[in-house]
Structures are given as C-alpha cells and as structure tokens.
Amino acid sequence: MLINADHLTEFAVSIFERLGARREKARETADHLVLSNLKGHDSHGVGMIPNYVGSAQRGGLQVNADAKIIKDKGAVLLVDGSYGFGQVVGRQATDLAIERAKSLGIACVGSRNNHHLGRIGTYAEHCVRAGLISIHFVNVVGHPPFVSLWGGRDKRVQTNPFCCGIPTDGDPVILDMATSAIALGKVRVAGLKGVEVPPGCLFDAEGRPTQDPGVIAEGGSLGPFGGHKGSGLAYICELLGGALAGEWTMQDEKRQGQITVNNMLMFVLDPDLFEGGAGFRAEVEGMQQYARASRPAEGVDHILLPGDPERETMAARYREGIPIDEGSWDALCASALKAGMTQREIDAVQAGLV
Ligand code: NAD
C-alpha cells in the first residue's frame, strides 16, 4: 500500500506518545523515520518502530532522555545520549558540534550511548544546512553482531555506518552508507517481503554465499561491502565510533543484549577556514558538473552522485506516497497495540489512510 507521509508521521507520533514520550521528542523521531522512508531507506524508517517499542518496554530506550555534555575541551566534546531516542540526542550532539565548528572552525564530538541513531545522513544534512562539512564514524552495539569481517566465518561487527556531508551551492553531497554489503534493515525488509537479497551480501553459517534473508537467524552472517576495503572501514568505525567515542565495542560479549545502541565520532569543519571558502565552493561546483558530464555506462540512465538517489526517491514518494509492504504494516500495527493504542484507534488510522 501507499501511505501519505503526514498520515504515517501522525501514526508514529501517537505510538511514541503512548510509550510516554513528550510530544516534541515523539515528533522529531517520527519526522526522522518518515524522512528515511521518503528518501528510500525503508530499513531506517517506520519499520524500526517495533524495535523501539520493544526496547522501551524492556527499559532500554529512554524516551525522554536528552544528551548531556560529559567532557568539554573546546573543540573536542564528549556527549552522552543517555539511551534517548537517537534521533533526538544525536541531533542535540550535532547541534553542539555545529555551534563549536561555527565559533572555532572545527569540532570533534564523541556522541555515546545513543539509542539507534537512524539514518546517519540526517546529521550530515543538518551540518551542511549550516554550511559545514561533516564526517561520521558510527558503531552499533547492545546486541550480538551480525556482520563478518573479510575472510571470517564468525560475526564480529555490525553494519557500522560511515557518512560524509559536503555543502555545495546546489544540492549537498551526502555519502551515507552501511559498511556491510547492505543495511541489516534491508535484510529484514527482504525477509518480510519474502524476496531474496542481491548476491554477494549474505553467507551461511559455514561461510558459503547465499541470497536467503532467513540465514541470519540460522547462524549466517552479512558480509562487508567491497571485500577487504569495506571490511577495513567497518573496523575503523568500530574503533573510532566504538572504542574512542563510546568506549563500547562489540567484543564485550556481556553487553550483547537486546538494545540497539550507536556510538558516533563526528568531525565538523567550516570550509571557510582555508581560503575563505570561495575557492572550495568553486572547485566543488566544477567537480559536480565534471562528474555529471561523464557519459553513462551501458544500461545506466544518468550519473548519480552521493545524495542524488535519496533526492530522486523523495520527490517521487512525496507525490505518490510511501510504499509499505503488508508484513511491515502488520508489524507496525502490532507494535502500536503493544505500546497501548486500542484496536479501534488503529482501525481509525487505517481507515484514514484510504
Ligand atoms: P545505499 O547503499 O542505498 O547508499 C549508500 C550511498 O551511496 C548513499 O550516499 C547514496 O546516495 C549513494 N548511492 C546509492 N546508489 C547510488 C548510485 N547508483 N550512484 C551513486 N551513488 C549512489 O545505503 P545503505 O548502505 O544501504 O545505508 C542505508 C541507510 O542505513 C543509511 O542512511 C545509513 O545511515 C543507515 N544505517 C544506519 C545504521 C545505524 O546503526 N544507525 C547502520 C547501518 C546503516
């Protein structure tokens, strides 16, 4: 089915409020998740709500927590997300990074103990709107690993996202990616839709390649993207986001529970610092045009730069609605019930969608 973004947002807000979240926190989290759906990343959209409801009810997610500064060294800050909605405490940590980068030129912020941060590109987009460059290294802990490193049969890390945002005079460059071959949520979505994942992403418990999304539940693993190089970047995210910012890496098996926690190290930089910014902006603009002017390869319609696919998908989904498969919708409604909405309220939401 196709759902209008505003209706979906209101439904998500109601679920979070039933969990006890204050309206502005429920709203910010819902907006972030629905924006992920609009941008084509259903793996990080409202499909995460069942996970959040379970986590809040187990005492993991703290729906009204705010980020707190633990250490302030000027350009270097350590911030604790207190297991609040990542979408809220991650944005609060990013606000601090922006404020410091605006006054000092550069900021390095360690943001630890965030409940799932969602789509990391959101924080880079926040920085580029302020005219700043940002780089984000993130690890994922709180539950057992699902991702194997290059050449390994055993799972050792998670989908550890890397992200970089660069402001331009036009559309910003936003490279935002899991370091696993695909995002884990995409395996979940494929499982719910009953479809295979692309080749080269999954391995069974013996390390043999497979396309069956069910393999993760049977001891299989998700592999890294790009062979040993992607595996290396996943590992760097574990060490910078996890060991440095979070002091929490996957090797601590006692802490592999049932919560999704992200630790993030972010660098935020004012491009005006070097030669006043004009030369940088002119080079970026020239490079964007040069890159786009490449003849597309056979079978490719037009060249896409980082951030383009999300913008194209968002334009289409605003017009046409957000596609939600039956399995994801049923899981969302079940989580609404679990959060305390009545069947009648859920039926009313559903009736308002058509
Ligand atoms: P993806 O593979 O769809 O896209 C990765 C990057 O490549 C994006 O910047 C995109 O703009 C660009 N891109 C995609 N197709 C392209 C093309 N044809 N040509 C040029 N550029 C192209 O993304 P993903 O790796 O599946 O990650 C999805 C989302 O999951 C991200 O938003 C990420 O932050 C999020 N994520 C979050 C966590 C977490 O723990 N919070 C963990 C993993 C991933």
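Above: the structure in question.
Below or above, wherever it landed, is the structure these notes cover.

Reading the values: the criteria
Residues numbered from 1 in each chain as written. Predicted model: local features only at pLDDT ≥ 70, side-chain atom pairs only at ≥ 80, totals over all residues. Heavy atoms only, no water. 1 Å grid on protein atoms, 1.4 Å probe; cavity = no way out; pocket = protein on both sides within 12 Å on 5 of 7 lines; lining within 4 Å. Points joined across faces, edges and corners; volume = space filled by probe spheres on them. Helix = DSSP H or I, 4+ residues; strand = E, 2+ residues; numbered from the N terminus. Nonpolar A, V, L, I, M, F, W, Y, C, P; charged D, E, K, R; others polar. Near = heavy atom within 4 Å. Polar contact = N/O pair within 3.5 Å; in protein donor to acceptor, adjacent residues only side chain to side chain. Areas by Shrake-Rupley, 256 points an atom, 1.4 Å probe, with all protein chains shown as cover. Sits in = over half its atoms within 2 Å of the grid points.

## With respect to the layout of surface pockets
Quantified by volume, the largest pocket comes out at close to 1,200 Å³. When residues of the lining of the largest pocket are traced back to their parent elements, those giving at least two are strand E9 (173-177), helix H6 (184-193) and helix H9 (308-320). Broken down by element, the lining of the largest pocket gets its largest block of residues, six residues, from H6. Roughly 490 Å³ of volume is contained in the second largest pocket. Lining the second largest pocket are 24 residues, with Asp31, Leu35, Thr122, Glu125 and Arg129 sitting closest to its centre. Listed by contribution, the elements that provide at least two residues to the lining of the second largest pocket are helix H1 (5-18), helix H2 (23-38), helix H4 (86-104), helix H5 (121-129) and H9. With seven residues, the top contributor of residues to the lining of the second largest pocket is H2. Counted by class, the lining of the second largest pocket contains 10 nonpolar, five polar and nine charged residues.

## Remarks on the site of the ligand
Taken together, 22 residues form the shell around the ligand, and within it Asp176, Ala178, Lys186, Gly307 and Glu310 come nearest. In the environment of the ligand, an oxygen atom lies 3.0 Å from a nitrogen or oxygen atom belonging to the backbone of Ile120. Expressed as a share of its isolated accessible area of 860 Å², the protein-covered part of the ligand is 78%. More than half of the atoms belonging to the ligand lie within 2 Å of the grid points that define the largest pocket. At the level of secondary structure, the elements contributing two or more residues to the shell around the ligand comprise E9 and H9. Residue contributions to the shell around the ligand peak at four residues, all from E9. A class-by-class count of the residues in the shell around the ligand yields 11 nonpolar, seven polar and four charged.

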